[in-house]
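Inside the fold
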Amino acid sequence: MPHTLLDIIKQNLPDASPDARRLFHGRGQTVAGLEAVTLDWYPPLLVLTLYADFDEKWLQQLSIGLQQLFEKRLGCLVCQQRRTAGGGGRILYGRLPEQSVAQENGLRYLLDPLAHQNIGIFPDMAVGRAYLRTIAEGKSILNLFAYTCGFSVAALAGGAKKVVNLDMNRRLLERGRQNHRLNEQDLRSVVFLGHDLFKSFGRLKREGPFDLIILDPPFFQSGSFSALRDWPKMLRRLPELLTDSGELLAAVSAPELGANFLRQQIDSAFPGAQILARLTGGADFPEQNRDKGLHLLHVVP
Ligand SMILES: C[S@@+](CC[C@H](N)C(=O)[O-])C[C@H]1O[C@@H](n2cnc3c(N)ncnc32)[C@H](O)[C@@H]1O
């Protein structure tokens, strides 16, 4: 029975704000038995993500319980089952609106709730997007591993002069272009490069130098990125892309890595680097092991 989960959510029901929120972060391992569950609120949409198999009866009981808790506020409940072959989301209750969006501090990001795996925005990175907005003014920024350009949208909202987004997946960059349009941002200040980072340093040098480089790579992506091998390789190449006073905003968020890994990478590539800020996912993302979860460093290398 999903009683424990429903009780926790009942204590943590969102207010009437249109902003996205993580309502349950089981991945942080603070609740025994629910380590494989997260629940995100993108009003009026709830997205339940399961990283293990749960039986149908459990799912149906949870769905009914959530409908009772949210009443008319709930438009649609989608379940993302990461362990199921083929993946993708399925609707447990209600109907999807024509366009699903995540709102965050007045900015909007497109969602594809039925997509295979990641649906368009990483909720835990909200803290990073908010922070970037406060430091972006007047800066020329390189956004590596841009995904759907969430950082780029936040940087422009914070007054960035230019943002170059690089991601090897062009379809995601196209979604990024749509995200800028959705926020009525001037696309003349944004560049989209659909290339593999490790084959693009020449091109990036021609676009630079940059005042700030954002790094938020995956832990492992077959054939394209492997954290232990590629973090040192990537960091070595960054000074040639930075202005003399250039800065980095570097992130890890995989359960396999943590604050110590990130700090070691920075210290060994840039001995004497100055740390301007350290960020974690915040109150909606509690972690049993504080080294784990999202960690961001704002660094002068
Ligand atoms: C964790 S996501 C980045 C999330 C993003 N920073 C955000 O906050 O929305 C990782 C991205 O890295 C891209 N990627 C992986 N290896 C790459 C490589 N070698 N060159 C360029 N992009 C790569 C993937 O396509 C994926 O979109």
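Before going into details, it helps to say that this report is about the structure given with it. (Residues numbered from 1 in each chain as written. Predicted model: local features only at pLDDT ≥ 70, side-chain atom pairs only at ≥ 80, totals over all residues. Heavy atoms only, no water.)

This part is about helix H2 (residues 56–70). Counted at 1.5 Å a residue, the expected span for H2 with its 15 residues is 21 Å, and the 21 Å between its end C-alpha atoms agrees. The complete set of buried residues in H2 reads Trp58, Leu59, Leu62, Ser63, Gly65, Leu66, Leu69 and Phe70. Of the surrounding secondary structure, the elements contacted by the buried residues of H2 are helix H1 (3–11), strand E1 (21–25), strand E2 (37–42), strand E3 (45–50), strand E4 (76–81) and strand E5 (89–94). (Helix = DSSP H or I, 4+ residues; strand = E, 2+ residues; numbered from the N terminus. Expected span 1.5 Å × (residues − 1). Buried < 20%, exposed > 50% of the residue type's maximum accessible area, 1.4 Å probe, protein only. Contact = heavy atoms within 4.5 Å.)

Quick look at the environment of valine 299 now. Considering the arrangement of structural elements, one finds valine 299 in strand E16 (residues 295–300). It is 35 Å that separates the C-alpha atoms of valine 299 and glutamine 80, two residues lying 219 residues apart in sequence. Those residues within four positions of valine 299 in sequence are excluded, and the remaining contacts are Glu247, Leu248, Ile266, Ala273, Gln274 and Ile275.

Our focus in this paragraph is the state of the cysteines. Counted according to the given criterion, the structure contains zero disulfides. In this model cysteine 79 remains outside any disulfide bridge; the closest cysteine sulfur is found in cysteine 76, 11 Å from its own. Of the residues examined, cysteine 79 reaches a relative accessible area of 1% and is grouped as buried. (Disulfide = S-S within 2.5 Å.)

The next point concerns the environment of glutamine 117. Summarising the element assignment, glutamine 117 is placed in the loop between strand E7 (107–111) and helix H3 (126–135). A sequence separation of 37 residues divides glutamine 117 from glutamine 80, and the C-alpha atoms of the two residues are 7.1 Å apart. Apart from residues no more than four positions distant in its own chain, glutamine 117 is found in contact with Gln80, Arg82 and Gly88.

A few words now on H3. Among the residues of H3, Gly128, Arg129, Tyr131, Leu132 and Ile135 are the ones counted as buried. All buried residues of H3 project into a common sector of 165° when viewed along the axis, lining one side. (Arc of directions from axis to C-beta.)

With five of five residues buried, strand E8 (residues 140–144) lies mostly within the body of the structure. Both faces of E8 are covered, namely the face carrying Ser140, Leu142 and Leu144 and the face carrying Ile141 and Asn143. Examined bridge by bridge, E8 and strand E9 (residues 162–166) share five bridges and lie parallel to one another. Each residue of the ladder has a partner; that of asparagine 143, found in E9, is asparagine 165. Following the backbone out of E8, through helix H4 (residues 150–157) and into the adjacent parallel E9, one traces a crossover that is right-handed. Bridge count between E8 and strand E11 (residues 210–215): four bridges; the pairing is parallel. Bridge pairing in E11 places asparagine 143 opposite isoleucine 214. (Pairing = 2+ DSSP bridges. Right-handed = clockwise from strand over helix to strand, strands pointing away.)

What follows deals with the sheet that holds E2. What links the strands of a sheet is backbone hydrogen bonding, and the strands pair in either a parallel or an antiparallel sense. Sheet architecture is open: five strands sit in the order E1-E2-E3-E4-E5, paired in mixed fashion. Looking along the sheet, the strands with just one partner apiece sit at the ends: E1 and E5. Between one strand and the next, the sheet's axes are offset by a mean angle of 20°, whatever the strand orientation. Pairing between E3 and E4: six bridges, direction parallel. Along E4, the bridge assignment pairs threonine 49 with glutamine 80. (Axes fitted to C-alpha atoms, helices over the stretch in contact; angles between N-to-C directions.)

Shape descriptors only; they carry no functional weight alone.
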